[in-house]
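In case you want the letters, here they are:
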Amino acid sequence: MDSLFYGLTRQEFCSLVYQYAEANKIPHPFKNNIAGDDWYKSFRKRHPDLCLRQPEPTSVARARGFNRPQVERFFDLLEDQIDKNQVDVTRIYNVDETGIQTTSNKPPKVLTKTGQKKRQVGVISSVERGKLTTVVCCCNAAGSFIPPFMIFGRKRMNFRLLDGSPPGTVATCTDNGWISGPTFLEWLRHFVAVTRPTKEKKVILVMDNHVSHKYLPVLEYASENNVIFISLAPHTTHRTQPLDRCIYGPLKTYFEQAVSVFQRGHVGRIISQFDVAKLFGEAYLKAASPQNAVRGFESTGIWPTNRHIFSDADYLPSAMTDRPLKSNSPIIPTLATYEDIPDSSTNPLTHTTVAQLNDVIASARVAEAANIHEESECDLPIEYTDFLEQLGYESLQIPSHHTPPPTPRLSVDSDRTVSPSIIDQIILNSERSLVENVINSETVATVEPNQVNITTLTPLDIRPVPKQAETTKTARKRKIQKAEILTSTPIKMQQREIECKKQKAIKKKAANVTVTKKKVASKGATAPSSGKVKKVSNRNKKLNGNKSADDVICVFCHGRYTEPPNEDWIKCDDCQCWVHESCTDYIGVGAYFCDLCH
């Protein structure tokens with residue numbers, strides 16, 4: 001359950017223990033439908049490898065996205081490009097962006113007296129909600145770092161913002177501090193200037209599927225400058241991105257420490273954007289070490305390339321989205337459990353028969369597991385068939401090896417194979433039928449009651465593994481992403497089509513605005529701030545207070561209003577003064593305020 005990200009809490013575990021004891025009729029001293037604290041403490045002592053830990057919330061998208069076919073596809077693309085371009089350790093990079101704020105997000109723990117739950121344990125914070133600053137970091141598998149790139153959330157760039165930043169840092173600004181396509185193009189120019197790739201020595205850049213990385217000018221510039229973009233599989237960056245694994249964790253910790261020290265040394269001072277670069281520089285120089293970079297590439301299997309770095313247990317959460325097998329084909333019986341064996345006095349078995357049955361079932365388990373996993377034809381073991389004939393089952397209906405194996409219904413998001421839990425369920429159903437047939441046979445001899453090992457209900461029977469319900473189709477059309485070579489021609493063609501659609505939409509909107517303005521001018525109307533037409537019915541209509549149409553004058557060029565108007569007019573939403581639209585910088589959308597009121 002822990003491997004599936006559905007770990008049990010202490011209360012759930014103790015409740016399961018009580019249900020287990022009740023289901024198997026085991027004497028117990030438990031009360032209130034739960035195991036006691038003494039039993040739980042003794043259980044922990046008997047199993048010192050178990051501990052209680054605070055789990056990290058993991059979205060369903062991440063649990064479902066990290067599956068073997070998606071990860072294998074990424075490694076196929078990576079290994080192909082490494083072999084094709086003879087890329088060495090110094091020419092494979094990873095780039096990613098992260099956000100830092102001018103306030104403390106997760107302050108370090110502080111000492112306080114016990115029993116202070118009623119009183120808040122707080123720490124001084126600069127502001128309630130800080131301003132976002134995006135930082136783009138990049139490193140290669142040899143431990144070398146590209147100077148960071150900072151994106152400040154402001155209108156104009158001031159180079160005093162870089163005071164105290166790491167050497168070689170480059171910065172720009174956007175309205176909200178987020179990265180965009182044009183901003184990422186600026187970083188790419190910075191990257192090419194530092195690495196200087198050539199046709200003989202191309203550079204591989206591993207990144208996620210953010211929309212800014214697919215900006216068409218970015219892809220074209222990368223192709224022209226011998227940079228190969230390889231995107232990671234979606235929702236897998238928490239395990240496959242080196243910067244996320246070994247750089248950004250320490251970076252955030254050191255940044256919080258730097259913020260805490262700054263607030264203690266500057267009491268009452270608010271952290272501004274001019275302090276961010278210095279605080280970030282202190283944290284970056286500690287976190288961006290060659291050891292962390294090399295460890296990040298090794299732990300993700302990117303360099304040296306190792307697609308087997310992730311075990312089967314790492315892919316278990318993705319099995320939650322598998323669908324049950326749907327097939328009318330009979331299943332070959334293979335295993336046997338003795339849960340459903342009746343009392344030995346009514347269904348006697350000899351000890352020898354039980355031992356032989358166990359041996360036959362063990363060999364059949366291997367054959368069936370190979371048949372299900374490889375989806376290939378598989379015959380029953382010879383000793384299995386012979387043994388059934390000895391027990392009087394010559395007419396037992398056994399599927400022919402020419403019958404194709406049941407085809408599993410795959411997951412909607414990947415080419416995932418059948419999950420282990422489904423395989424176990426298939427085998428469990430078949431083994432029960434086999435044991436019933438053997439028990440009901442009249443050819444078996446007698447066995448003593450103490451020679452039969454009856455298996456009781458397991459915890460999985462009481463609390464089965466959760467499975468995702470089959471969802472219905474929706475009208476939402478969203479293309480499923482996967483690992484790709486972003487600088488390849490098909491991807492650039494797709495982005496070119498998207499860009500053409502955007503340009504057509506912009507031109508169509510501009511044409512509609514032009515037609516509207518022409519209609520307004522021909523009908524003698526004015527263009528208000530809301531974009532709707534305000535008509536002047538006659539020259540005696542009051543336009544502004546007690547002024548008539550003859551008294552309306554443009555506050556910029558002092559031109560007088562005439563009927564019909566020979567130019568478009570617009571009114572300030574604040575002072576209600578009328579001006580020529582050509583005298584302003586109004587773009588035709590939203591409210592308008594003149595320079596005197598702005």
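Every value quoted in this text rests on a predicted model; they were computed, and no experiment measured them. (Residues numbered from 1 in each chain as written. Predicted model: local features only at pLDDT ≥ 70, side-chain atom pairs only at ≥ 80, totals over all residues. Heavy atoms only, no water.)

### Concerning the overall build of the chain
For step 1, the next point in the chain: Check the secondary structure of the chain and you find 16 helices and 10 strands.
For step 2, the next point in the chain: For the chain, buried positions account for 40% of its 598 residues.
For step 3, the next point in the chain: Carbon and sulfur atoms make up 53% of the accessible area of the chain, which amounts to about 35,600 Å² in all. (Helix = DSSP H or I, 4+ residues; strand = E, 2+ residues; numbered from the N terminus. Buried < 20%, exposed > 50% of the residue type's maximum accessible area, 1.4 Å probe, protein only. Areas by Shrake-Rupley, 256 points an atom, 1.4 Å probe, with all protein chains shown as cover.)

### Thoughts on unusual backbone geometry
For step 1, the next point in the chain: Looking along the chain, the bond that leaves Trp303 and enters Pro304 is cis, with omega of -10°.
For step 2, the next point in the chain: Assignment of secondary structure puts Pro304 in the loop between helix H11 (290–299) and helix H12 (351–374).
For step 3, the next point in the chain: You will see that Asn33, though not glycine, has its phi angle at about 60°, which is positive.
For step 4, the next point in the chain: Here Asn33 is to be found in the loop between helix H1 (10–23) and helix H2 (37–46).

### A closer look at the pattern of salt bridges
Close approach of charged atoms lets side chains of opposite charge pair.
For step 1, the next point in the chain: Per the stated rule, a full pass over the model turns up 12 salt bridges.
For step 2, the next point in the chain: Of the charged contacts, one joins Arg463 and Glu12 as a salt bridge, the two residues approaching to 3.9 Å between their closest N and O atoms. Taken together, the positions of Arg463 in the loop between helix H15 (459–462) and helix H16 (489–522) and Glu12 in helix H1 put the pair 451 residues apart, joining distant regions of the chain.
For step 3, the next point in the chain: Using a relative accessible area of 32% as the deciding quantity, one classes Arg463 as partly exposed.
For step 4, the next point in the chain: Given the relative accessible area of 32%, Glu12 is considered partly exposed.
For step 5, the next point in the chain: Here Arg91 makes a salt bridge to Asp88, at a shortest N to O gap of 3.5 Å.
For step 6, the next point in the chain: Taking relative accessible area as the criterion, Arg91 reaches 11% and is therefore assigned buried.
For step 7, the next point in the chain: Asp88 sits in the partly exposed class, given a relative accessible area of 34%. (Salt bridge = Lys/Arg side-chain N within 4 Å of Asp/Glu carboxyl O.)

### Brief notes about the environment of Pro466
For step 1, the next point in the chain: Mapped onto the elements, Pro466 comes out in the loop between H15 and H16.
For step 2, the next point in the chain: With 460 residues separating them in the primary sequence, Pro466 and Tyr6 have C-alpha atoms 8.4 Å apart.

### Section: the pairing of strand E5 (residues 203–207)
For step 1, the next point in the chain: Along E5, 5 of the 5 residues are buried, which leaves the element largely enclosed by surrounding structure.
For step 2, the next point in the chain: Two strands pair when backbone bridges link them, and strand E1 (residues 92–101) and E5 are joined in this way by 3 bridges, in the parallel orientation. In the strand pairing of E5, Ile92 is matched with Ile204.
For step 3, the next point in the chain: Bridging between E5 and strand E6 (residues 227–231) involves 5 bridges; their strand directions are parallel. Across the sheet, residue Ile204 finds its bridge partner in E6, namely Ile228. (Pairing = 2+ DSSP bridges.)

### Section: the nonpolar core
For step 1, the next point in the chain: If you look at the biggest cluster of nonpolar residues, it comprises 48 residues, and the most contacted ones within it are Phe74, Leu78, Ile92, Met150, Ile204 and Phe280.
For step 2, the next point in the chain: Here this core takes 7 residues from helix H10 (residues 273–287), the largest share from any one element.
For step 3, the next point in the chain: What Phe74 contacts, discounting residues up to four positions off in sequence, is Val206, Ile230, Ser231, Leu232, Ile302 and Ala483.
For step 4, the next point in the chain: Of all hydrophobic cores here, the second largest spans 25 residues; its members include Cys138, Trp187, Leu205 and Ala222. (Core = buried A, V, L, I, M, F, W, Y, C linked by side-chain atoms within 4.5 Å. Contact = heavy atoms within 4.5 Å.)

### Here's the deal with the side chain of Thr133
For step 1, the next point in the chain: Within the element layout of this structure, Thr133 appears in strand E2 (residues 132–140).
For step 2, the next point in the chain: Under the relative-accessibility criterion, Thr133 is labelled buried at 1%.
For step 3, the next point in the chain: Those residues in contact with Thr133 that sit more than four places away from it in its chain are Thr98, Gly99, Ile100, Met150, Ile151, Phe152 and Val276.

### Concerning the pairing of E2
For step 1, the next point in the chain: In terms of burial, E2 is a largely internal element, 8 of the 9 residues being buried.
For step 2, the next point in the chain: As paired strands, E1 and E2 are joined by 9 bridges and run antiparallel to one another. By the bridge assignment for E2, Gly99 is matched with Thr134.
For step 3, the next point in the chain: Pairing of E2 with strand E3 (residues 145–153) involves 6 bridges; the strand directions are antiparallel. By the bridge assignment for E3, Cys139 is matched with Phe145.
For step 4, the next point in the chain: Connecting E2 to the antiparallel partner E3 that follows it, the hairpin turn spans 4 residues, and Gly143 within it adopts a positive phi of roughly 100°.

### Quick word on H11
For step 1, the next point in the chain: Restricting attention to buried positions, one finds in H11 the residues Asn292, Ala293, Gly296, Phe297 and Ser299.
For step 2, the next point in the chain: Contacts made by the buried residues of H11 are with E1, E2, E3, helix H8 (242–246), helix H9 (248–265) and H10.
For step 3, the next point in the chain: With its phi angle positive at about 75°, Gly301 sits one or two positions after the end of H11.

### Digging into the confidence of the model for the chain
For step 1, the next point in the chain: Overall, the prediction assigns the chain a mean pLDDT of 76, with 67% of residues at 70 or greater.
For step 2, the next point in the chain: Every residue in residues 322–352 is under pLDDT 50, and counting partners more than four places away or in other chains gives 98 contacts.
For step 3, the next point in the chain: Here residues 372–384 is modelled with pLDDT under 50, and outside its nearest four sequence neighbours on either side it reaches 30 contacts, counting other chains as well. (pLDDT = per-residue confidence, 0-100.)

### Quick look at the sheet that holds E1
For step 1, the next point in the chain: Here we have 6 strands laid out as an open sheet, ordered E4-E3-E2-E1-E5-E6, and mixed in their pairing. A strand with exactly one partner marks an edge of an open sheet, and here the two such strands are strand E4 (170–174) and E6. Sheet twist, expressed as the average angle between the axes of neighbouring strands with direction ignored, equals 25°.
For step 2, the next point in the chain: In the packing of H9 onto the sheet, the strands contacted are E1 and E2, and the crossing angle to E1 comes to about 30°.
For step 3, the next point in the chain: Sheet strands touched by H11: E1, E2 and E3. Its angle to E2, the strand with the most contacts, is close to 75°. (Axes fitted to C-alpha atoms, helices over the stretch in contact; angles between N-to-C directions.)

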